[in-house]
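Inside the fold
Chain residues, written in single-letter form:
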Amino acid sequence: MKVIQVGIGGMGNTWLSAVRRSPYVEFAGYVEIDAEIARAQADAYDLDPSLIFQSLPSALEAVEAEAVINVTPPGVHRQICVTAIEAGLPVLTEKPLAGTLADARAIVEAADATGVLCSVAQNYRYRPLTQTIKAILASGELGAVAALRTEFFRGPHFGGFREEMPQPLIIDMSIHHFDLMRLFLDSDAVAISACSWNPPWSWFKGDASAAAQIEFGNGVQATYVGSWCSQAFETSWNADWRFECERGVLLVENDRVYAQQLLNVNEGARGLASVHDDKREAPLIGMEHESQDYLLQEFYEAVTSGASTGTTAQDNIHTMALVFGVVEACDRGETVRL
């Protein structure tokens, strides 16, 4: 399958490498508006400079392609995705689906109207850690989930558009964790209260810290707290998780998964007391393909077979509604119902 990659700097490196690893996908061309980045990447990856174009329409006129990989900043996702979709080319786009909820809905409308696949790169879904958590919860051994808590603390210095965004943590990073909540709970958010702030030492223009309380349609309450300008004791990028279940607790710390199950409740000297089994670590599920490699393989199989993917724009719009619901709750200072 021949693809055009739009955006080859920054995160584009990840996709350049993923395509080169794939035995099924190859490049028909590239789009990069920054001439300096285009020259540097042509040298670094031995790309044919004649196949690097200034716009997607010009690339579409010059080369034959079967799909598009969109690795542009969120503000231009609508333009790139809709252009590709209307040209009949399936799109694998970086998250977030778009920079605004209105733009995200416009992409979904274009995909619905044409029947052309638009898949979103929610790569955190396709990691051994994530798949292990999902499998344990789905097994039912711990019973129903009533509540979860997610904690995320990192201090990255990206430069570029992320440090200029009004809500960089929520829109560009927490989106992964919110999408995972939907995956783990198999439910969508219905009500959100939240607040965001920017510590005095922050190098982000917008709020780099946030806390949210999210109610899901199945009744689960999720508490989220995070920061992108933490100065020490960082968590994993996957975040730390605690699931309160009817027959025990599932705990995720530093990319390790632990479970402890309630065995029974006994009468003791001080009244009723819970009896648990020993805290045990769960081995991570093995995966042939992970993260971007999984997404690319799944996208290839969908495009060549006419099937779908697990992260279509039509599904991902519910993650976008959650993300921008948190933003709205922060802005309004009151509970937002979706």
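Bear in mind that the values here come from a model prediction, so they are computed numbers and not experimental data. (Residues numbered from 1 in each chain as written. Predicted model: local features only at pLDDT ≥ 70, side-chain atom pairs only at ≥ 80, totals over all residues. Heavy atoms only, no water.)

The next subject is the overall build of the chain. From N to C terminus, the chain includes nine helices and 16 strands. The globule rule puts the C-alpha radius of gyration for 338 residues at 20 Å, and the 22 Å found for the chain is close to it. Considering only C-alpha atoms, the chain reaches an extent of 80 × 45 × 40 Å along its principal axes. A total of 338 residues make up the chain; the buried ones form 55% of that total. Contacts spanning at least 24 positions in sequence make up 69% of the contacts within the chain whose residues lie at least 6 apart. Accessible area for the chain stands at about 15,000 Å²; split by element, carbon and sulfur atoms hold 49% of it. (Helix = DSSP H or I, 4+ residues; strand = E, 2+ residues; numbered from the N terminus. Rg over C-alpha atoms; globule rule 2.2 N^0.38 Å. Buried < 20%, exposed > 50% of the residue type's maximum accessible area, 1.4 Å probe, protein only. Contact = heavy atoms within 4.5 Å. Areas by Shrake-Rupley, 256 points an atom, 1.4 Å probe, with all protein chains shown as cover.)

Of the voids in this model, the largest pocket is the one considered here, and its volume is about 920 Å³. Along the walls of the largest pocket sit 40 residues, with Met 11, Val 71, Thr 72, Pro 73 and Phe 161 positioned nearest its centre. Those elements giving two or more residues to the lining of the largest pocket turn out to be α3 (56-62), α4 (77-86) and α7 (168-185). With four residues, α4 is the largest single contributor of residues to the lining of the largest pocket. Of the residues belonging to the lining of the largest pocket, the class tally is 20 nonpolar, 14 polar and six charged. (1 Å grid on protein atoms, 1.4 Å probe; cavity = no way out; pocket = protein on both sides within 12 Å on 5 of 7 lines; lining within 4 Å. Points joined across faces, edges and corners; volume = space filled by probe spheres on them. Nonpolar A, V, L, I, M, F, W, Y, C, P; charged D, E, K, R; others polar.)

Let us now look at empty space enclosed by the protein. This structure, assessed with the given rule, holds one cavity of 30 Å³ or more. When its volume is computed, the largest cavity comes out at roughly 30 Å³. If you list the elements that add at least two residues to the lining of the largest cavity, you get α6 (128-139) and α7. Residue classes in the lining of the largest cavity are distributed as five nonpolar, two polar and no charged.

Within the open sheet, the six strands sit side by side as β3-β2-β1-β4-β5-β6. Their pairing is parallel. Each of the sheet's edge strands pairs with one partner strand only, and the pair in question is β3 (52-53) and β6 (118-121). Relative to strand β4 (residues 67-70), strand β1 (residues 2-6) runs parallel, the two sharing four bridges. Paired with Gln 5 across the strands is Ile 69, a residue of β4. Running over the sheet, helix α8 (residues 291-305) touches β4, β5 (91-94) and β6 and is turned about 160° from β5. (Pairing = 2+ DSSP bridges. Axes fitted to C-alpha atoms, helices over the stretch in contact; angles between N-to-C directions.)

Our next topic: the nonpolar core. The biggest cluster of nonpolar side chains holds 84 residues, and the ones touching the most others in it are Ile 214 and Phe 243. Among the elements that make up this core, the one with the highest residue count is α7 (11 residues). The contacts of Phe 243, once residues within four sequence positions are left out, are Ile 133, Leu 137, Val 145, Ala 147, Leu 148, Phe 184, Gly 248, Val 249 and Leu 250. In this structure, Phe 27, Tyr 45, Leu 47 and Leu 296 belong to the second largest nonpolar core, which totals 28 residues. (Core = buried A, V, L, I, M, F, W, Y, C linked by side-chain atoms within 4.5 Å.)

The next thing to look at is unusual backbone geometry. Among all residues save glycine, negative phi is the norm, and among peptide bonds the norm is trans. A cis amide bond links Lys 95 to the next residue, Pro 96, at an omega of -10°. By the element assignment, Pro 96 lies in the loop between β5 and α5 (101-114). With a phi close to 75°, Ala 239 is a non-glycine residue in the positive phi region. Structurally, the position occupied by Ala 239 is in the loop between β10 (221-227) and β11 (240-245). Owing to a relative accessible area of 0%, Ala 239 belongs among the buried residues under this scheme. Here the phi dihedral of Asn 254 falls at roughly 50°; this positive angle occurs in a residue that is not glycine. Assignment of secondary structure puts Asn 254 in the loop between β12 (248-253) and β13 (256-268). Given a relative accessible area of 53%, Asn 254 falls into the exposed group.

The next thing to look at is the packing of aromatic side chains. Per the stated rule, a full pass over the model turns up 11 aromatic pairs. For the ring pair Phe 184 and Trp 241, a centre distance of 5.2 Å and an interplane angle of 85° mean the geometry is edge-to-face. Here Phe 184, found in helix α7, pairs with Trp 241, found in strand β11; they are 57 residues apart in sequence, far enough to count as distant. Classification of Trp 241 by relative accessible area gives buried; the value is 2%. Centroid distance Phe 184 to Phe 243: 5.6 Å. Interplanar angle 80°. Geometry classified as edge-to-face. Taken as a pair, Phe 184 in helix α7 and Phe 243 in strand β11 lie far apart in primary sequence, 59 residues in all. You can call Phe 184 buried: its relative accessible area is 5%. The buried category is assigned to Phe 243, whose relative accessible area is 0%. The ring of Tyr 124 carries Arg 127 above its face, with NZ or CZ at 3.7 Å from the centroid. (Phe/Tyr/Trp six-rings, centres within 6.5 Å; stacked < 30°, edge-to-face > 60°. Lys NZ or Arg CZ within 6 Å of the ring centre and 35° of its normal.)

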